[in-house]
Amino acid sequence: RYLSYERRLHKGEHIRLRASHDEKTLVLDAPVDGDAEADAARCGRIVQWPRVNALAYHFPMIADEGRNGAFDRALISAVTRFKRENNGKGPRVLDIGSGSGLLAMMAARAGASEVHSLEMVPSLASAAEQIVNANGYSNVVTIHSMMSTKLEPSSIGGRAELLVCEIVDDLLLGESVLTTVADARRRLLTKDAIILPQGGSL
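Owing to the predicted nature of the structure, the values given are computational and were not obtained by experimental measurement.

By secondary structure assignment, the location of Pro-197 is in the segment after strand E9 (189-196). Along the chain, Pro-197 and Ala-70 lie 127 residues apart, while their C-alpha atoms are 9.7 Å from each other. Here Pro-197 is in contact with Phe-71 and Cys-165, once residues within four sequence places are set aside.

Overall, parallel pairing links the five strands, which are arranged E7-E6-E5-E8-E9 in an open sheet. Strands at the two margins of the open sheet, each flanked by one partner only, are strand E7 (141-144) and E9. When strand polarity is set aside, the average angle formed by the axes of neighbouring strands in this sheet is 25°. Of the strand pairs in this sheet, strand E6 (residues 114-118) and E7 are connected by four bridges, and their pairing is parallel. Following the sheet pairing, Leu-118 is matched in E7 by His-144. Relative to the sheet, helix H4 (residues 102-110) contacts strand E5 (92-96), E6, E7 and strand E8 (160-165), its axis offset from that of E6 by approximately 170°. Each of E5, E8 and E9 is contacted by helix H6 (residues 177-187), which is oriented at about 150° to E9, the strand it contacts most.

Contact geometry for helix H3 (residues 65-85) and H4: axes closest at 9 Å, N-to-C directions at 35°. The crossing of H3 and H4 is right-handed. Across the interface between the two elements, Asn-68, Phe-71, Asp-72, Leu-75, Ile-76 and Val-79 of H3 pack against Leu-102, Leu-103, Met-106, Ala-107, Arg-109 and Ala-110 of H4. Tallied by class, the residues present in the contact of H3 with H4 amount to nine nonpolar, one polar and two charged.

Looking at chain direction, E8 and E9 are connected through four bridges and run parallel. Bridge assignment links Leu-163 to a residue of E9, and that residue is Ile-195. Considered for its hand, the β-α-β crossover made up of E8, H6 and E9 is right-handed.

Applying the stated criterion across every chain, the model contains six salt bridges. In this structure, the salt-bridge partner of Glu-166 is Arg-67, at a minimum N-O distance of 2.6 Å. Taken together, the residues Glu-166 in the loop between E8 and H6 and Arg-67 in helix H3 connect sequence positions 99 residues apart. Accessibility expressed as a relative area gives 11% for Glu-166, which makes it buried. According to the relative accessible area criterion, Arg-67 is partly exposed, its value standing at 25%.

In a regular helix each residue adds 1.5 Å, so 13 residues correspond to 18 Å; helix H5 (residues 122-134) covers 18 Å between its end C-alpha atoms and thus fits that length. Along H5, the residues classified as buried are Pro-122, Leu-124, Ala-125, Ala-128 and Val-132. Projected onto a plane normal to the axis of H5, the buried residues spread over an arc of 160° and lie on a single side. With respect to the buried face of H5, the exposed residues turned more than 90 degrees away are Gln-130 and Ala-134.

So, about the side chain of Asp-72. Along the chain, Asp-72 falls in helix H3. If near-sequence neighbours (up to four positions away) are discounted, Asp-72 is found in contact with Met-106 and Arg-109.

By the element assignment, Leu-26 lies in strand E3 (residues 26-29). Judged by its relative accessible area of 60%, Leu-26 is exposed. Discounting chain neighbours no more than four positions away, the residues touching Leu-26 are Ser-20 and His-21.

Reading the values: rules and limits
- Residues numbered from 1 in each chain as written.
- Predicted model: local features only at pLDDT ≥ 70, side-chain atom pairs only at ≥ 80, totals over all residues.
- Heavy atoms only, no water.
- Helix = DSSP H or I, 4+ residues; strand = E, 2+ residues; numbered from the N terminus.
- Contact = heavy atoms within 4.5 Å.
- Pairing = 2+ DSSP bridges.
- Axes fitted to C-alpha atoms, helices over the stretch in contact; angles between N-to-C directions.
- Left-handed = near helix turned anticlockwise from the far one by under 90°.
- Nonpolar A, V, L, I, M, F, W, Y, C, P; charged D, E, K, R; others polar.
- Right-handed = clockwise from strand over helix to strand, strands pointing away.
- Salt bridge = Lys/Arg side-chain N within 4 Å of Asp/Glu carboxyl O.
- Buried < 20%, exposed > 50% of the residue type's maximum accessible area, 1.4 Å probe, protein only.
- Expected span 1.5 Å × (residues − 1).
- Arc of directions from axis to C-beta.

This is the structure in structure tokens:
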């Protein structure tokens, strides 16, 4: 269970966690500490979270072989085509919504020259960075803990040549994919950048 904010802990600080479980579930709960929350707000250490359990839904996503296989094939095809048209040079890839870092690693494995992957939830960005490092892709993939709308192209070395984003939900458009891609197309991508997915139907 997650609070509606994240607060950085300091060395030596004590916090209280409650654990409960049944036959299928272990729950760790951090009770709200009003004094600590007020102190964090005064010092500007509050980082807003989405109002959902942001980690739990990534496990079924990672296990979705059909969905992930489609992204993998699309990335291999797009990167291969780009390299063929650019004397073997791999594209610079922007991945919006790192999650576990899966698509960023797929892009790197397919032959991207560099991948900049953006994740707005700090704990997910940290987990993605560890996963990327553990799988040996940290020389190609960089995880940025931020929203794409806050990114300046100059901070990643210029506009990207391929965009991949897995920010579609079960109703396709619930995660602001249209406005996010429109902003990326306008500010973060080259004129003829490849965008994956290229479309969808509901």
